[in-house]
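Residue-level structural notes
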Amino acid sequence: MSSKHKQSNKRSVYDAEPIPQSARGVIDGLLESGDLFRYTAAKDNPSQVTLLEKEFAAYMGSKYALAVNSASSAIYLSLLTVGIGTGDQVLIPAWTFAAVPSAVVNAGALPILVEVGDDLRIDMADFEAKLNGNIKAVVISHMRGHTSDMDMIKALCDAQDVPLIEDAAHSLGTLWNNRKIGTIGAVGCFSFQSYKMVNGGEGGILLTDDADIIAKAVFMSGAYEHNWAKHCHPEVPFEKYQNLLPLFNLRMNNLSAAVIRPQIELIDTRVAKGLENYEYVAEKLNASPLISVPPADARERRAPDSLQFNLVGFDDAQTRRVMEISTARGNPISIFGMQGDNARVFWNWKFIGNVPELPITRAMLKRACDIRLPVGMSRNELDETVAFILDCVTEARMLIAS
Ligand SMILES: *Cc1c(COP(=O)(O)O)cnc(C)c1O
């Protein structure tokens, strides 16, 4: 955040969600007591992290939540809890954040990439073809809040008894058929990293209704000895797993939880505002023949804090110009597949070994633009953003043509 921005008191596209004032009392108390470790508190005096788990699970309508240090950790733990190990094949979308193939690799498993189309959803024909008998788990990323056909994905996974993990890191508040995204699969994972809907600096949480999954996740997140007792789930079979699981220490600390807790009640308002902003900007951009914003699916209610749109009829040079012009003017429009080392681009995931060729996803990534749309933006700022995008795009197209 620049000091210039601070002086102008204006929302910048780089801004994260503000932390409510009400967090301060609790934070001051933690600073005074030094009580930052989640398992110091007595059983009858739940820590901030335990309270966050309880409140988040209640808000989402799930039985169990486990707060950890990132969504990446949550995804990694999810894979382990559903039994993924060395050499197993895990189906993931070819358009996701590098955290997802990384979690698979971290679990000793092999990511199998599924095509994602220019509607930013998983290509269901490719999904069906690749969900063969070798796949041991599926991770679906609701990337930037774009929801794939969860009805079909769930049905196909259930039919083959393949566990479904939802990476809803950047999709908190999205609904699919009125059901909260992240509660459809066996486990759902969310991020509280600063540039998500709830800003905890860093942090993540996993949700499940499965008592065995939560038991295993709690141990492996670092509940050594009998610290599981502080999760207050008498029906969960923790004893069954005592001393049988490795402890990875991926815990959240109380300060993060204190920053996150007062934001839970703000999620609905943020989602409504984000959607209103998104629809306002999307409609104006769609009026340009040079831009296409992927249409919503009738079954989803999105929770956007960023905007993705496709450039229509641009060649590579013109597409690069969009990035150059917008960057020169101080508000870079990033184009996933045109930006050297973008972490959301599958051909940059060299750590997975043999990166397959995926022509559908590649074509999408070469024209899909990405811009933040923080939910606190005013109408005026949205109008400026629209004008900015249209200017950059129009100019990029003309400069080359002349
Ligand atoms: C942000 C994000 C992650 C990683 O979240 P962290 O909390 O930073 O680990 C994973 N997947 C998606 C889709 C994301 O947007």
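Since this is a predicted model, take the numbers as computed values, not measurements. (Residues numbered from 1 in each chain as written. Predicted model: local features only at pLDDT ≥ 70, side-chain atom pairs only at ≥ 80, totals over all residues. Heavy atoms only, no water.)

By nearness alone, 13 residues border the ligand, and Ala 71, Ser 72, Asp 167, Ser 191 and Lys 196 come closest of all. In this structure, Lys 196 approaches the ligand through a side-chain N or O atom, which is 2.7 Å from an oxygen atom. When the ligand sits alone it has 390 Å² of accessible area, and the protein chains cover 92% of it. Among the residues making up the shell around the ligand, the classes are represented as five nonpolar, six polar and two charged. (Near = heavy atom within 4 Å. Polar contact = N/O pair within 3.5 Å; in protein donor to acceptor, adjacent residues only side chain to side chain. Areas by Shrake-Rupley, 256 points an atom, 1.4 Å probe, with all protein chains shown as cover. Nonpolar A, V, L, I, M, F, W, Y, C, P; charged D, E, K, R; others polar.)

With that settled, consider the confidence of the model for the protein. When the pLDDT values of the protein are averaged, the result is 94; 96% of them are 70 or greater. Low pLDDT (under 50) marks residues 1–9, which in the prediction has six contacts with non-local residues, meaning those over four places away or in another chain. (pLDDT = per-residue confidence, 0-100. Contact = heavy atoms within 4.5 Å.)

A separate point is the pairing of strand E9 (residues 204–208). With five of five residues buried, E9 lies mostly within the body of the structure. Alternating positions in E9 separate into two faces, Gly 204, Leu 206 and Thr 208 on one and Ile 205 and Leu 207 on the other, with burial throughout. The sheet contact formed by strand E1 (residues 64–68) and E9 spans five bridges and is antiparallel. Counted as the bridge partner of Ala 67 is Ile 205 from E9. Pairing analysis gives four bridges linking strand E8 (residues 187–191) to E9, with the strands arranged antiparallel. Bridge pairing in E9 links Ser 191 to Gly 204. (Buried < 20%, exposed > 50% of the residue type's maximum accessible area, 1.4 Å probe, protein only. Helix = DSSP H or I, 4+ residues; strand = E, 2+ residues; numbered from the N terminus. Pairing = 2+ DSSP bridges.)

Moving on: unusual backbone geometry. For Asn 177, which is not glycine, the phi dihedral falls at a positive 50°. In this fold, Asn 177 is placed in the loop between strand E6 (175–176) and strand E7 (179–180). Phi at Glu 225 takes a positive value of approximately 50°, unusual for a residue other than glycine. By secondary structure assignment, the location of Glu 225 is in the loop between helix H8 (211–222) and helix H9 (254–260). On the basis of relative accessible area, Glu 225 is assigned to the exposed category, the value being 56%.

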